[in-house]
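Overview (structure and organization)
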Amino acid sequence: MKSQELRQAWIDFFVAKQHKLLPSASLIPDEMSTTLFTIAGMEQFVPVFLGEQPPAAPRVVTVQRCLRVAGAKSDIENVGRTGRHGTFLEMLGNFSFGDYYKREAISWAWEFVTKVLKLDPARLYVTVHTSDDEAEQLWVKEIGLDPARISRFDEDNFWTMGPTGPCGPCTEIFYDTGEAYASGPDDTGPNLGNRYVEIWNVVFQQYNRAADGALSELPKKSIDTGAGLERMLAVCNGLASMYETDLFTDLIAAQPPIGQTSLAPAEQRVRQNIIADHARAVTFLINDGIFPSNNDRGYVLRFLIRRAIRQGRLLGYPNGFLTELVPAVVQSLSPGYPELKANVARIQQTLRTEEQTFDRTLERGMQMLDRLIEQANDDCTRLISGQDAFMLHDTYGFPIELTREIASDGGVAVDTAAFEAAMEEQRERARRDAKSKRAVVTIAELPAVKSVFTGYDGLDAEGEVVAILRDGKPVEMLASGERGIVILDRTSFYAERGGQIGDRGQLVTVDGAVFEVEDTQYMGEAIAHHGIVKSGGIGANERVHTRVFDWWRREIRRHHTSAHLLQRALKDVLGDEVAQAGSWVGIDRMRFDFRYPSGALSPEQKRAVMSRVNEMIRDDDRLVTRELPIDEARSTGAITMAGEKYGELVRVVQAGPSVEFCGGTHAHSTGELGMFVMLSESSIGSGIRRIESCVSQAAENFVSHQQELVGDVASALAATPDEITERIGKMQRDIKDLQTAVGQLKARLASADAQAYLEKVERNGDRAFVGAVVHEANGEALRHLTSALRSRLSSGVIALAGIDNGAVSLLVSASDDLVKAGVHAGKLVQLAAPLVGGKGGGQPAQAQGGGKNPDGAAAALHAIRDAVLA
């Protein structure tokens, strides 16, 4: 059976049992999730289990992409080495939300594995929770399973996705792969070794775990099935390893021929497995809108990319091999995820940029490693310290395996124990940080509410108060002067989403009480109005009139529309490789982040982009908004944002030549925007640019201010605005000439002072030392003086401490003959700098440092003198 055949068999089986097929959610979970990535099929349904959102249907079937690289569900250490562990996996799921429960879930599980997959029932074993007599009885009495084939476990059969959230006991199905795969003589049943492979897990979701560990009943008992496609595919094909299935063999075959390597054949295959797994993971991470960075999800992506490249280096693969593997990954997975095909170019470009960056990083790391090998041989330790190996890894991203291999070629070992200790210390810091950031999900004590947004049709609406919160707790009323959150069944207020900030305005009751809305946010699918009661009081179940401030919404929708025009202009000017990475829309400016691997925009490109946006504004096209089924919407060619989650119906917004999926609020015509001004263009990460801009009144204010500023500068320079550039250029040339003259004067003064300092030279044998504390001298002055001294002292050490405005500058120079004799200026500065409350270092011949303690300057020079003349 091929992978796509298994996916389709799963879907067909449960659709025939009245399950609604829902698409896979993104690898980026809901913002309230306790996990960094989607790790289970049930994750997108957490609000449904908790009763915060209504389900799309009572019964649901999914094939969910998941990533497990950190935390309790991490399999990273075993990836490629065992036949059942990977970072990227597909979770087959069937769900019941208060509909069927244990009987049907167990019966259908057995039916699928024995009738559809045709697995031998004699090789199937089951586990249940220690407390779950009901599940065991269903297996025995309804399925007819021998009680001897049922095992009971406690923690192994109680499923949780994290420290808080939905959880419950579970029952699992295991497949006996045979004695040949046993871990030892005691591997005689599930959870005792590698012989018995888990292929199905039915979680009976019935509890919600709070931050203190307490369990409370969920609103409805539900079913959450998870079955790993990769493991199931291996089992139903009679294979011991998922890496032998078509999901991986095609990707291994697509890798380059193995080059020069010291790895044994078995280890070579492990590395190929890791590359195949990581290629799948990084392809989908980029597809879902994640890009390499140094924090959170971007850091994990970067780690996986570099880990894959590391395996390729050890296999002797050529540079760029990971980028070239993307088409094979897409061909393998696109039958289940056709959206991958449209993003191949973006995925490859992102990987290409990251691979090139890492190549440069490796080159810098090699320079440091070569020095470390040379030093280890020179000092006869023949050992690279764990701290140095950790610096290579942490600063340069240099793999420890590569460090060991290259060091071994140079006759040097690596202190791997100390390296692992440093790594574990870093991991512990990361674990503490991650736990503090992601340990708790706060669930509001509210009924499941879905607010209806009416703001597309106007600024006013009528609604009813369905809930009120004060200090996070439900209350019946807010009195005058009290702050809180008001939730309505219908509202004209737009809640912050998609980068557009929430609306401001007022809620007015029938009795005239006024609640001023200062921000609008989503709580689940409820629209929450944050603010303060200005007069009267507002209570639950009251009817209110919603009124968004006209000026607020007007400026926001104009700036939001400018984001659409800007993206169209960027694609027109720079090419279709431009892809939106994020945005923020306010009342007086707009921020637009986009992927563009070619670097900073030239002045000509910036002008062309601004000109194109303003051209579209002048065209004054009416905006056309349509709500379409997702497939029909995609067929319009509208621009979508990678990683964005879209429902079954989407809004397609057309503004002249710009066509995008967007749920925000927009201008009525492009001409409303008036004028577009680009305020700045900058880099915010590898391959990511940011443009800040404004339109409408904010643009007029900016231009007016700039005109006043230009006028003031022209007046100060006694020039017309057109003459400013020429006048400033002349001033810069004059300043440069003056600086040159000052430098020459300082050199002459230093030459005059040098003789006086040389008269105080101290000697011990063939070593000479000149040291001095120089007042009102900065680093530049010290360099001039050192140069003058060195021209008169061909052999010796010169150490100067300059004091200027309370700061100390240190400069040490060692002659070539003393450097060969072992003197190291950098180490001398490191010795002295703490005495002036600072630090420093440098090369053997010259080094510098500094500090904030002038009182220690003399002691610092004395320490250098003693080290040189000792």
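Coordinates for the structure precede this section.
Overview of the structure. (Residues numbered from 1 in each chain as written. Predicted model: local features only at pLDDT ≥ 70, side-chain atom pairs only at ≥ 80, totals over all residues. Heavy atoms only, no water.)

As a further point, take the nonpolar core. With 92 residues, the main nonpolar core has Leu119, Trp139, Ile199 and Trp200 as its most contacted residues. Examining the composition of this core, we find that 10 residues originate from one element, helix α7 (residues 265-287), more than from any other. Discounting residues that sit within four places of it in the chain, tryptophan 139 has contacts with Ile106, Trp110, Val126, Val128, Gly144, Leu145, Ile150, Thr171 and Ile173. Counting 30 residues, the second-largest nonpolar core is a separate cluster that includes Met590, Leu673, Met678 and Ile691. (Core = buried A, V, L, I, M, F, W, Y, C linked by side-chain atoms within 4.5 Å. Buried < 20%, exposed > 50% of the residue type's maximum accessible area, 1.4 Å probe, protein only. Helix = DSSP H or I, 4+ residues; strand = E, 2+ residues; numbered from the N terminus. Contact = heavy atoms within 4.5 Å.)

Turning our attention to a negative patch on the surface. Taken together, the side chains of Asp370, Glu374, Asp378 and Asp379 make up a negatively charged region of the molecular surface. Within the secondary structure layout, aspartate 379 lies in the loop between α11 (344-378) and β10 (383-384). Classification of aspartate 379 as partly exposed rests on a relative accessible area of 45%. (Patch = residues over 30% accessible without salt bridge, like charges linked within 9 Å, V, L, I, M, F, W, Y side chains within 5 Å. Areas by Shrake-Rupley, 256 points an atom, 1.4 Å probe, with all protein chains shown as cover. Salt bridge = Lys/Arg side-chain N within 4 Å of Asp/Glu carboxyl O. Lys, Arg positive; Asp, Glu negative; His and termini not counted. Charge placed at Lys NZ, Arg CZ, Asp CG, Glu CD.)

Moving on: the sheet that holds strand β23 (residues 579-585). Within the open sheet, the 4 strands sit side by side as β23-β24-β29-β28. Their pairing is antiparallel. Strands at the two margins of the open sheet, each flanked by one partner only, are β23 and β28 (676-685). For this sheet the average axis-to-axis angle between neighbouring strands, irrespective of direction, equals 20°. Here β28 runs beside strand β29 (residues 688-695); their pairing, made up of 8 bridges, is antiparallel. Within the sheet, the bridge partner assigned to serine 683 lies in β29 and is arginine 689. (Pairing = 2+ DSSP bridges. Axes fitted to C-alpha atoms, helices over the stretch in contact; angles between N-to-C directions.)

What follows concerns the sheet that holds strand β33 (residues 807-814). Spatial strand order, β30-β31-β32-β33-β35-β34: 6 strands in an open sheet with mixed pairing. Looking at which strands have only one partner, the edges of the open sheet turn out to be β30 (762-764) and β34 (839-842). When strand polarity is set aside, the average angle formed by the axes of neighbouring strands in this sheet is 15°. Across 4 bridges, β34 lies against strand β35 (residues 846-851) in antiparallel orientation. Looking at β35, one finds that lysine 839 is bridged to glycine 850. Sheet contacts for helix α20 (residues 779-792): β31 (767-775), β32 (797-804), β33 and β35; angle to β32, the most-contacted strand, approximately 155°. Here helix α23 (residues 857-869) sits on the sheet in contact with β30, β31, β32 and β33, set at roughly 175° to β31.

What follows is about unusual backbone geometry. Only a minority of non-glycine residues have a phi that is not negative, and only a minority of peptide bonds are not trans. The phi dihedral of lysine 118 falls on the positive side, at around 60°, and the residue is not glycine. Judged by its relative accessible area of 65%, lysine 118 falls in the exposed class. For asparagine 541, which is not glycine, the phi torsion reads 70° and is therefore positive. With respect to the secondary-structure elements, asparagine 541 resides in the loop between β21 (538-539) and β22 (543-548). Here asparagine 541 falls in the exposed class, since its relative accessible area comes to 55%.

Summed over all chains, the structure comprises 24 aromatic pairs. Taken together, a centroid distance of 4.9 Å and an interplanar angle of 85° make the contact between phenylalanine 284 and tyrosine 337 edge-to-face. Note that phenylalanine 284 is positioned in helix α7 and tyrosine 337 in the loop between α10 (326-333) and α11, a separation of 53 residues in sequence. Residue phenylalanine 284 shares its accessibility class with tyrosine 337, and that shared class is buried. Measuring from centroid to centroid gives 6.1 Å for phenylalanine 549 and tryptophan 551, while their planes differ by 15°, and the two rings are stacked. Every member of this aromatic cluster is reached through a ring pair, and the members are Trp10, Phe13, Phe14, Phe112 and Trp200. (Phe/Tyr/Trp six-rings, centres within 6.5 Å; stacked < 30°, edge-to-face > 60°.)

Turning to the environment of histidine 559, a few remarks are in order. Structurally, the position occupied by histidine 559 is in helix α15 (residues 550-574). In this structure histidine 559 comes out as buried when scored by relative accessible area, which is 0%. Once the C-alpha coordinates of histidine 559 and valine 578 are considered, the two residues, 19 residues apart in sequence, prove to be 20 Å apart. Non-local contacts of histidine 559, meaning those with residues more than four positions away in its chain, are made with Val585, Gly586, Ile587, Asp588, Arg589, Met590, Ser693, Cys694, Val695 and Ala698.

Turning next to the side chain of serine 24. Locating serine 24 in the fold gives a position in the loop between β1 (20-21) and α2 (46-49). Serine 24 sits in the buried class, given a relative accessible area of 19%. A polar atom in the side chain of serine 24 sits 3.3 Å from the side chain of glutamine 64. In terms of polar contacts, serine 24 uses its side chain to reach the backbone amide nitrogen of arginine 65, at 3.2 Å. Beyond its immediate stretch of four places on either side in the chain, serine 24 contacts Val63, Gln64, Arg65 and Tyr337. (Polar contact = N/O pair within 3.5 Å; in protein donor to acceptor, adjacent residues only side chain to side chain.)

Let us look at helix α3 (residues 102-116). With 15 residues, α3 ought to run about 21 Å at 1.5 Å a step, and its terminal C-alpha atoms sit 20 Å apart, in line with that. When we look at burial in α3, the residues that qualify are Lys102, Ala105, Ile106, Trp108, Ala109, Trp110, Phe112, Val113 and Thr114. The first or second residue beyond α3 is lysine 118, which carries a positive phi of 60°. (Expected span 1.5 Å × (residues − 1).)

Within the secondary structure, threonine 62 is located in strand β2 (residues 59-67). Sequence-distant contacts of threonine 62, defined by excluding residues within four places in its chain, comprise Trp10, Leu22, Gln44, Phe45, Met91, Leu92, Gly93 and Phe95.

Next up on the list: α11. Under the 1.5 Å per step criterion, the end-to-end length of α11 is 50 Å for 35 residues, consistent within 8% with the ideal 51 Å. Note on α11: the residue one or two positions beyond its end, cysteine 380, has a positive phi of about 65°.

It is possible for side chains of opposite charge to pair when their charged atoms get near one another. As enumerated under the stated definition, the model contains 38 salt bridges in all. In this structure, glutamate 672 engages arginine 558 in a salt bridge whose closest nitrogen and oxygen atoms are separated by 3.1 Å. Of this pair, glutamate 672 sits in the loop between β27 (658-661) and β28 while arginine 558 sits in helix α15; the two residues are 114 residues apart in sequence, bridging distant segments of the chain. When salt bridges with common partners are traced through the structure, they connect Asp550, Arg554, Glu555, Arg557, Arg558 and Glu672 into a single cluster.

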